[in-house]
Amino acid sequence: MAREPVYDVLTGLVRTIFAVQGLRIDIADQHRIPSSGGAVLAVNHTAYLDFMEVGLVGRKSGRNVRYMMKAELEHGIVGFLMKHCKAIGVDRTAGAESYSRAVDALRDGELVVVYPEATISRSFELKDFKSGAARMAIEAGVPIIPLAIWGAHRVWTKDIPKQLGRHNFPINIRIGDPIPPAEPPEELTATLRTSMSDLLTQAQQDYPMEPGARWVPARLGGTAPTLAEAAVLEQEELARRRAKSQPPKP
């Protein structure tokens, strides 16, 4: 692995944060992360900081993963970090360019992180998947490696007070077999979702769930919103954002 000083510093910081919080991270099948070559890392999305766990998985295999981040962050300190960590800026007004940059990175042998659900799942269940991960993998000719994280949402997620102190939360990470890019995008996306669903079930197995807790999915005895209820909350949030972005009426 080539030295990337900024990435090395950030990795040290993340490991320090994990140690201070007492996070107990359990990773299964780390060997499925390739030590070289391009691949899409497809990850479920339940927490604001779950990207840190993904970075840790990459480093354990001697890799620096490449994140896709909002292009509007490409300035100041965050812009400096994005540049030196080879992050891929995503501009919603120029999606084709962002997509092309991700494909180029994959062809160059990078591990590119993609969240197929696009946004955080308030229900902590898998939402519908976008096809971007599949299309990138097919165009670049690289596999998709499915990955499920469970427990990171207890630290910081939507609609629940964040827990940034020392709490000793367990976090389970399960890594699936690489999926070859040999199917049409729709079929590959369906295959990916099935694999990630199985991995999420594995990550939740034997995890200490607190009955009635807000961070526990409804089907497992918690009070998190169902997928349908979460979809309503997302639409309400989107409407509020749109209202704020509208210029004031004269």
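Residues numbered from 1 in each chain as written. Predicted model: local features only at pLDDT ≥ 70, side-chain atom pairs only at ≥ 80, totals over all residues. Heavy atoms only, no water.

Trainee: Can you walk me through the overall build of the protein chain in this structure?
Mentor: If you tally the helices and strands in the protein chain, you get seven helices and seven strands. If you list the helices and strands of the protein chain from N to C, you get α-β-β-α-β-α-β-α-β-α-β-β-α-α. Expressed as a percentage of the 250 residues in the protein chain, the buried residues total 48%. The long-range share in the protein chain, meaning contacts at least 24 apart out of those at least 6 apart in sequence, stands at 74%. (Helix = DSSP H or I, 4+ residues; strand = E, 2+ residues; numbered from the N terminus. Buried < 20%, exposed > 50% of the residue type's maximum accessible area, 1.4 Å probe, protein only. Contact = heavy atoms within 4.5 Å.)

Trainee: I would appreciate a short explanation of the packing of helix H1 (residues 5–21) against helix H2 (residues 50–60) in the present structure.
Mentor: The angle between the axes and the distance between the axes are what describe a pair of packed helices. Where H1 meets H2, the axes come as close as 11 Å, and the angle between the chain directions of the two elements is 115°. Note on packing geometry: the crossing formed by H1 with H2 is left-handed. Between H1 and H2, the contacting residues are Tyr-7, Asp-8, Thr-11, Val-14, Arg-15 and Phe-18 on the first element and Met-52, Glu-53, Leu-56 and Arg-59 on the second. Across the contact of H1 with H2, the residue classes break down as five nonpolar, one polar and four charged. (Axes fitted to C-alpha atoms, helices over the stretch in contact; angles between N-to-C directions. Left-handed = near helix turned anticlockwise from the far one by under 90°. Nonpolar A, V, L, I, M, F, W, Y, C, P; charged D, E, K, R; others polar.)

Trainee: Looking at this structure, I do not really get the pairing of strand S6 (residues 144–150). What am I missing?
Mentor: If a strand is regular, its side chains alternate between the two faces of the sheet. Burial within S6 is extensive, with seven of its seven residues counted as buried. As paired strands, strand S2 (residues 39–43) and S6 are joined by four bridges and run parallel to one another. When the bridges of S6 are listed, Val-40 appears paired with Ile-144. With four bridges connecting them, S6 and strand S7 (residues 170–175) associate as antiparallel partners. Residue Ile-149 lies in a different strand from S7, and its bridge partner there is Ile-173. (Pairing = 2+ DSSP bridges.)

Trainee: Teacher, can you tell me more about the nonpolar core here?
Mentor: Looking at soluble globular proteins, one finds that nonpolar side chains tend to be buried together. Among the nonpolar cores identified, the biggest contains 35 residues, and Val-40, Leu-106, Met-136, Ile-144, Trp-150, Leu-192 and Trp-215 are the most heavily contacted of them. The set of elements that each furnish at least two residues to this core consists of S2, helix H4 (95–107), strand S5 (111–114), helix H5 (132–140), S6 and helix H6 (185–204). At six residues, H6 tops the list of elements feeding residues into this core. With near-sequence residues (within four places) excluded, Trp-150 lies in contact with Phe-124, Pro-170, Ile-171, Asn-172, Leu-200, Ala-203, Gln-204, Tyr-207, Met-209, Trp-215 and Pro-217. Of all hydrophobic cores here, the second largest spans 27 residues; its members include Val-65, Tyr-115, Leu-147 and Ala-152. (Core = buried A, V, L, I, M, F, W, Y, C linked by side-chain atoms within 4.5 Å.)

Trainee: So what exactly am I meant to see when it comes to unusual backbone geometry here?
Mentor: A negative phi angle is the norm for most residues apart from glycine, just as the trans form is the norm for most peptide bonds. Its identity as a non-glycine residue notwithstanding, Phe-124 has a phi of 65°, on the positive side. The topology assignment puts Phe-124 in the loop between S5 and H5. Overall, the relative accessible area of 0% leaves Phe-124 in the buried class. Positive phi, normally seen in glycine, also occurs at Asn-168, with a value near 60°.

Trainee: Looking at this model, I keep getting lost on the packing of aromatic side chains. Mind explaining?
Mentor: Working definition: an aromatic ring pair is given by the centre-to-centre distance plus the angle between the planes. Summed over all chains, the structure comprises four aromatic pairs. Centroid distance Phe-51 to Tyr-67: 5.9 Å. Interplanar angle 90°. Geometry classified as edge-to-face. In this pair, Phe-51 sits in helix H2 while Tyr-67 sits in strand S3 (residues 66–70), placing the two residues 16 residues apart along the sequence. Looking at Phe-51, the relative accessible area reads 32%, which means it is partly exposed. A relative accessible area of 16% places Tyr-67 in the buried class. Aromatic pair Tyr-207 and Trp-215: ring centres 5.9 Å apart, planes at 75°, arrangement edge-to-face. We note that Tyr-207, like Trp-215, is buried. Among the aromatic residues, those joined into a ring-pair cluster are Trp-150, Tyr-207 and Trp-215. The lysine or arginine in question, Arg-154, covers the ring of Phe-169, its NZ or CZ lying 4.1 Å from the ring centre. Of note, Arg-193 hangs over the ring of Phe-129, and the distance from its end group to the ring centre comes to 5.7 Å. (Phe/Tyr/Trp six-rings, centres within 6.5 Å; stacked < 30°, edge-to-face > 60°. Lys NZ or Arg CZ within 6 Å of the ring centre and 35° of its normal.)

Trainee: Sorry, what's going on with H6 here?
Mentor: Across its 20 residues, H6 extends 28 Å between first and last C-alpha, which sits within 8% of the 28 Å expected from 1.5 Å per residue. Every buried residue belonging to H6 is among Leu-188, Thr-189, Leu-192, Ser-195, Met-196, Leu-199, Leu-200, Ala-203 and Gln-204, and all of these are buried. Across the axial projection of H6, the buried residues extend over an arc of 165°, all falling on one side. Looking at the buried residues of H6, the elements they touch are S2, H5, S6 and S7. Remark: Asp-206 follows H6 within two positions and exhibits a positive phi of approximately 65°. (Expected span 1.5 Å × (residues − 1). Arc of directions from axis to C-beta.)

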